[in-house]
Amino acid sequence: MASPAAAGPGAALPPSAARRDFYWLRSFIAGGVAGCCAKTTTAPLDRVKILLQAHNHHYKHLGVFSTLCAVPKKEGYLGLYKGNGAMMIRIFPYGAIQFMAFDQYKKVIKKQFGISGHVHRLMAGSMAAFILNFYFQSKKITKNGGIVGTLGDSITAVICTYPLDMVRVRLAFQVKGEHKYMGIIHAFKMIYTKEGGFSGFYRGLMPTVVGMAPYAGFSFFTFGTLKSIGLAQAPNLLGRPSLDNPDVLVLKTHVNLLCGGIAGAIAQTISYPLDVTRRRMQLGAVLPDSEKCLTMVQTLKYVYQQHGIRRGLYRGLSLNYIRCIPSQAVAFTTYELMKQFLCLN
């Protein structure tokens, strides 16, 4: 009989024990990597979307594809990735906690309330996103210590990463030759000194919080529903055994991409006006009409009155489909692959 040493390090623990060790950490890493891969894939489209949403005067007369061509000509190809460094610093913990929280909430809802199927996926996705609202009531949920702990971690991630999103948007809105900010650190200093200290970093937080629940809720709900229906109706055609646990059936990679893309398109359509509102408020002093975009309701009214629905509240939506569908597809697919690689199934 071979000794444990001869069997290799993987044989030192039973499979069940190996899967339990550092489960939260491995789940955190899987979500963070998924978020970074997704955002880097679509960074050029994200920058163009910001330029169009806020009607940058250099590109406001152009359409989606015209702007995609014009940015490299005016600013070089690296101009398409302007602000992506700040995005990576922000998105790793944010994506990590969102995916990790979704898995945990799904288990809690099924265990505590006996709710399963499509409804618990929608609830878990919304809860994972809407952590900011729930946090202020978390002290009342004393009997569920696990929920309170997750909410505390989640609110910390939202508060800490939102200023990075603010800085990323400011950097992405700049055009070569008209730089107000010289980099991430300089942008932090300028916003802090010129826009009221720490409060200046949280412009647009309200539409962000309000939009998080429907976006993440419908995104996770749609993906989970498509996944379960696909594996139930056509397991041999759409599924395959998981790499880390042959007893678990997972979607094939190209089916994962398709389901993630559909999920992203539906979620974006529902929450897009709030995304436009958030970007307008985040840009703040950079825009000439900033005094008319101080609150969420005020900004929604102003954009609607000045530009209407199609050219205002939904400006750049076609680009957002092009950006969001591959982004969500890559995010969900990477997360599913990382779960197998890190033995999370």
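Please read all numbers here as calculations on a predicted model, not as lab measurements.

Draft legend 1. Examining empty space enclosed by the protein more closely. Applying the stated rule across the entire model yields four cavities of 30 Å³ or more. Roughly 630 Å³ of internal volume is contained in the largest cavity. Lys39, Tyr94, Tyr215, Gln268 and Arg278 are, among the 34 residues lining the largest cavity, the residues nearest its centre. Residue contributions to the lining of the largest cavity peak at eight residues, all from helix α11 (residues 205–233). The class makeup of the residues in the lining of the largest cavity is 15 nonpolar, 10 polar and nine charged. The computed volume of the second largest cavity comes to approximately 70 Å³. Forming the boundary of the second largest cavity are Lys39, Ala43, Asp46, Arg47, Leu80, Lys82, Gly83, Asn84, Met87, Arg168 and Ala172. Of all the elements in the fold, those that place two or more residues in the lining of the second largest cavity are α4 (43–53), α6 (84–113) and α9 (145–173).

Draft legend 2. Region of interest: the layout of surface pockets. Considering only enclosed or pocket space, the second largest pocket measures out at about 360 Å³ in volume. Around the second largest pocket, the lining is made up of 18 residues, and of these His55, His57, Phe173, Leu287 and Pro288 lie nearest the centre. Of the residues in the lining of the second largest pocket, the class split is eight nonpolar, five polar and five charged.

Draft legend 3. Region of interest: the nonpolar core. Counting 20 residues, the largest nonpolar core has Ala30, Phe99 and Phe332 as its most contacted members. Going through the elements one at a time, α3 (23–41), α11, α13 (253–283) and α16 (317–341) are the ones with two or more residues in this core. Per-element tally for this core: the top contributor is α16, with five residues. In this structure, Phe332 is in contact with Phe99, Ser219, Phe220, Phe223, Gly260 and Ala263, ignoring residues within four places of it in sequence. Leu45, Leu51, Val64 and Leu319 belong to the second-largest nonpolar core, a separate cluster that totals 18 residues.

Draft legend 4. Highlighting a nonpolar patch on the surface. Among the surface-exposed residues, Phe218, Leu258, Ile262, Ile266 and Ile270 lie close enough to one another that they form a single nonpolar patch of about 410 Å² accessible area. The element contributing the most residues to the nonpolar patch is α13, with four residues. Exposure remark for Leu258: the relative accessible area of 54% places this residue in the exposed category.

Draft legend 5. The pattern of salt bridges, seen in detail. Tallied over the entire structure, the rule returns 10 salt bridges. Among the ionic pairs, Asp46 bridges to Arg168, the shortest N-O distance being 2.4 Å. Of this pair, Asp46 sits in helix α4 while Arg168 sits in helix α9, and the two are 122 residues apart along the sequence. Taken as a pair, Asp46 and Arg168 share a single burial class, namely buried. Lys49 serves as the salt-bridge partner of Asp275, at 2.8 Å between the closest nitrogen and oxygen. Linking Asp275 in helix α13 with Lys49 in helix α4, this pair joins segments that are 226 residues apart in sequence. By relative accessible area, Lys49 is classed as buried at 1%. By sharing partners, the salt bridges in this structure join Asp46, Lys49, Asp165, Arg168, Asp275, Arg278 and Arg279 into a single network.

Draft legend 6. Here's a closer look at α3. Compared with the 27 Å implied by 1.5 Å per residue over 19 residues, the 27 Å span of α3 between its first and last C-alpha is a close match. Three or more residues of α3 are buried, namely Tyr23, Arg26, Ser27, Ala30, Gly31, Gly32, Ala34, Gly35, Cys36 and Ala38.

Draft legend 7. Structural detail: the confidence of the model for the protein. With 76% of its residues at a pLDDT of 70 or more, the protein shows a mean pLDDT of 76. The low-confidence segment residues 130–156 (pLDDT under 50) makes 29 contacts with residues lying over four places distant or belonging to another chain.

Draft legend 8. Main features of unusual backbone geometry. Here the phi dihedral of His55 falls at roughly 55°; this positive angle occurs in a residue that is not glycine. Checked against the element boundaries, His55 lands in the loop between α4 and α5 (64–75).

Criteria and thresholds
- Residues numbered from 1 in each chain as written.
- Predicted model: local features only at pLDDT ≥ 70, side-chain atom pairs only at ≥ 80, totals over all residues.
- Heavy atoms only, no water.
- 1 Å grid on protein atoms, 1.4 Å probe; cavity = no way out; pocket = protein on both sides within 12 Å on 5 of 7 lines; lining within 4 Å.
- Points joined across faces, edges and corners; volume = space filled by probe spheres on them.
- Helix = DSSP H or I, 4+ residues; strand = E, 2+ residues; numbered from the N terminus.
- Nonpolar A, V, L, I, M, F, W, Y, C, P; charged D, E, K, R; others polar.
- Core = buried A, V, L, I, M, F, W, Y, C linked by side-chain atoms within 4.5 Å.
- Buried < 20%, exposed > 50% of the residue type's maximum accessible area, 1.4 Å probe, protein only.
- Contact = heavy atoms within 4.5 Å.
- Patch = residues over 30% accessible without salt bridge, like charges linked within 9 Å, V, L, I, M, F, W, Y side chains within 5 Å.
- Areas by Shrake-Rupley, 256 points an atom, 1.4 Å probe, with all protein chains shown as cover.
- Salt bridge = Lys/Arg side-chain N within 4 Å of Asp/Glu carboxyl O.
- Expected span 1.5 Å × (residues − 1).
- pLDDT = per-residue confidence, 0-100.

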